[in-house]
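The primary structure of each chain is shown beneath.
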Amino acid sequence: MTPPRRFFVETWGCQMNELDSQRMAGQLMQQGILPTRDPGEADIILLNSCSVREKAEQKFYSRLGEYRLLKKDRRDLLIGLCGCVAQQEGERALDRVPDLDFVLGPARVGELRQVVARRRAGERVVATGFPVERHYELDAISRHGEYKGMVTVIEGCNKNCTFCIVPQTRGPEQSRSMADILREVRHLLDYGFREIELLGQTVNHWREPDGGMDFADLLDRVAGLPGVERLRFVTSYPRDFTPRMVEQIGLHANICPYLHLPVQSGSNAVLRRMGRGYTREEYVALAARLRAARPDLALSTDIIVGFPGETAEDFECTLELVREVRFSAVYAFKYSPRPGTAALRLADAVDDASASARLQRLFALQEGIQRRINESLVGQEFDVIVTGWGKQPGTQTGRTPCHRVIHFDAASEPAPLGSMARLKVEKALPHSLLGRRLEVPVAAN
Ligand code: 5AD
């Protein structure tokens, strides 16, 4: 067998998966195997899958079907199933897909090198489950082309939301130590990253493994490190927000005034059946406290429509909540039954046509709200982190401190990716802004 030279990774799903892909890429690159954008040229194809909704899982299987064909004339090609479908399917995936070479679960990402070596020695490997000791090498993360440095602070999830597959696919909660986290953040700062994003399925449930510190302390310590210009964290669980955490968000100017806070539903009856552990009133009160601490705070959310038993009145409560809280973005999904979850046993499924109609009403409502929020920003100036190139030649994109996408003309001298630029908002689009670059120095935090 000739040694592999090129790898290709396709990633679905959440930020955790994005970071896991960077970790897998890093391990291969340390062995001199380089990335390619062309799967046809790859010797190793990694599919980093998501199983949070059935659609995500289907997309993954159809793509796998396409890549399998490449094996016809490339007998050495290795195809690995990684991510949450890997954990969920395990051994079954190897039976179902004869051309699959290995299955690597999210908690075993650090073992990719060993798994590839075992496969090359002839074994079809299934590496799943949740070992207590995990390989995590800071030097084996390929952050190439990224403007933000992502740092896992807590893995897994102990919540038992009745709709959600994540506790099964990512395992029980496990916090990293403060010392480990600070070491990784400093490492990123040394490499010139200005934006740090802390990651966890329930990021604000982080606890020092052997001590009394919680996420408020972690925010304070990370935000206090010199060089952290922007600090973000995803995803927060409403019930886990303490007054001290809210206070930290008010205290540190470099904590971005943007928070993703999934509400899932505006109806208390539905929230109870989802097992979320908070009421609509508690959520609205939390949003108000956060905004009192940080008046410029943009909140985004996730909403599931058509959860079993959701009545027309329940759905009206959700619309009412969306009107009341005025989110900067709403990520809404039709409920998708997931294997092994408690919601499968709930009666009164909502038919697909009603769920689709509700989703459309929610999108239409949010579009109007978002347009008005975006219009209110016209004329304002922001320090923007430059994140990429626009679709139109000569244009670039960036993110405002509130994490809104802003497009601007690169003019004669494009701003380097990852740098800060001062922009004035000139126009509001439904999902983004148009801005003009100003020739003034960017304010330091
Ligand atoms: N069906 C639909 N949406 C789901 N989500 C999680 N599980 C399901 C499901 N079974 C949504 C939630 C979550 C987001 C990541 O995905 O809104 O916050």
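Cut-offs used in this document
Along each chain, residues carry numbers from 1 onward, in the same order as the chain's sequence is written. In view of the model being predicted, local features appear only for residues whose pLDDT reaches at least 70, and side-chain atom pairs are presented and counted only at 80 or more, with totals across whole chains, interfaces and linings using the full set of residues. Heavy atoms throughout the structure, all of them, feed into the side-chain values; hydrogens and water do not. Strands here are runs of E lasting at least two residues and helices are runs of H or I lasting at least four, both read from the DSSP assignment and numbered beginning at the N terminus. Only heavy atoms enter the contact rule, under which two residues are in contact if any of them lie within 4.5 Å. Accessible surface is estimated by sampling points in the Shrake-Rupley manner with a 1.4 Å probe; for residues, cover comes only from the protein chains shown. Accessibility here uses a 1.4 Å probe with only protein chains present; expressed as a share of the type maximum, an area under 20% marks a residue as buried, one over 50% as exposed, and anything in between as partly exposed. Positive charge is attributed to Lys and Arg, negative charge to Asp and Glu, and no charge count is given to His or to the chain ends. The salt bridge criterion pairs a side-chain nitrogen of Lys or Arg with a carboxyl oxygen of Asp or Glu, the two atoms within 4 Å. All axes are obtained by fitting lines to C-alpha atoms, using only the stretch in contact for helices, and the reported angles, taken between N-to-C directions, cover 0 to 180 degrees. Throughout, the term roughly parallel applies to angles under 35 degrees, roughly antiparallel to angles over 145, roughly perpendicular to angles from 65 to 115, and oblique to all others. In a left-handed crossing the near helix is turned counterclockwise from the far helix by less than a right angle, and in a right-handed crossing that turn is clockwise. In this count, Pro and Cys sit with the nonpolar residues alongside Ala, Val, Leu, Ile, Met, Phe, Trp and Tyr, while Asp, Glu, Lys and Arg are called charged and the others, Gly among them, polar. What is meant by a nonpolar core is a set of buried Ala, Val, Leu, Ile, Met, Phe, Trp, Tyr and Cys residues, joined one to another through side-chain atoms within 4.5 Å. When DSSP finds at least two bridges between two strands, those strands are taken to pair.

Draft legend 1. Representation of the overall build of the chain in the model. When its secondary structure is counted, the chain shows 13 helices and 19 strands. Expressed as lengths along the three principal axes of its C-alpha atoms, the size of the chain is roughly 60 × 60 × 50 Å. Taking contacts inside the chain between residues at least 6 apart in sequence as the whole, the part at least 24 apart equals 72%. With the model as given, the accessible surface of the chain reaches about 19800 Å², and the carbon-plus-sulfur share is 50%.

Draft legend 2. Inspection of the side chain of E208 at higher detail. Mapped onto the fold, E208 is located in the loop between β10 (195–199) and α8 (215–223). R221 provides the closest opposite charge to the buried, unpaired E208, separated from it by 8.0 Å. Once residues lying within four places of it in the same chain are set aside, the contact partners of E208 are S177, M178 and M213.

Draft legend 3. Broad picture of the packing of α8 against helix α9 (residues 243–251). Close contact between α8 and α9 brings their axes to 8 Å; oriented N to C, the two are set at 15°. It follows that α8 is roughly parallel to α9 by the angle criterion. In this structure, the crossing between α8 and α9 has a hand that is left-handed. Contact with α8, carried on its side by F215, A216, D217, L219 and D220, involves R244, M245, Q248 and I249 of α9 and no other residues of that element. Its residues assigned to classes, the contact of α8 with α9 shows five nonpolar, one polar and three charged.

Draft legend 4. Region of interest: the nonpolar core. Counting residues in hydrophobic clusters, the biggest one holds 56 residues, and the most contacted among them are L198, F233 and F241. Not counting residues within four places of it along the chain, the set of residues in contact with F233 comprises L198, V203, F215, L219, F241, I249, I255 and L259. Membership of the second largest hydrophobic core comes to 21 residues, among which are Y61, L77, L81 and L100.

Draft legend 5. The arrangement of the sheet that holds strand β13 (residues 298–305) in detail. Taken in spatial order, the three strands line up as β12-β13-β14 in an open sheet, and their pairing is parallel. The strands lining the two open edges of the sheet, one partner per strand, are β12 (258–260) and β14 (329–334). Each strand of the sheet is rotated relative to its neighbour by a mean of 15°, with strand direction disregarded. Relative to β13, β12 runs parallel, the two sharing three bridges. Looking at β13, one finds that H260 is bridged to S300.

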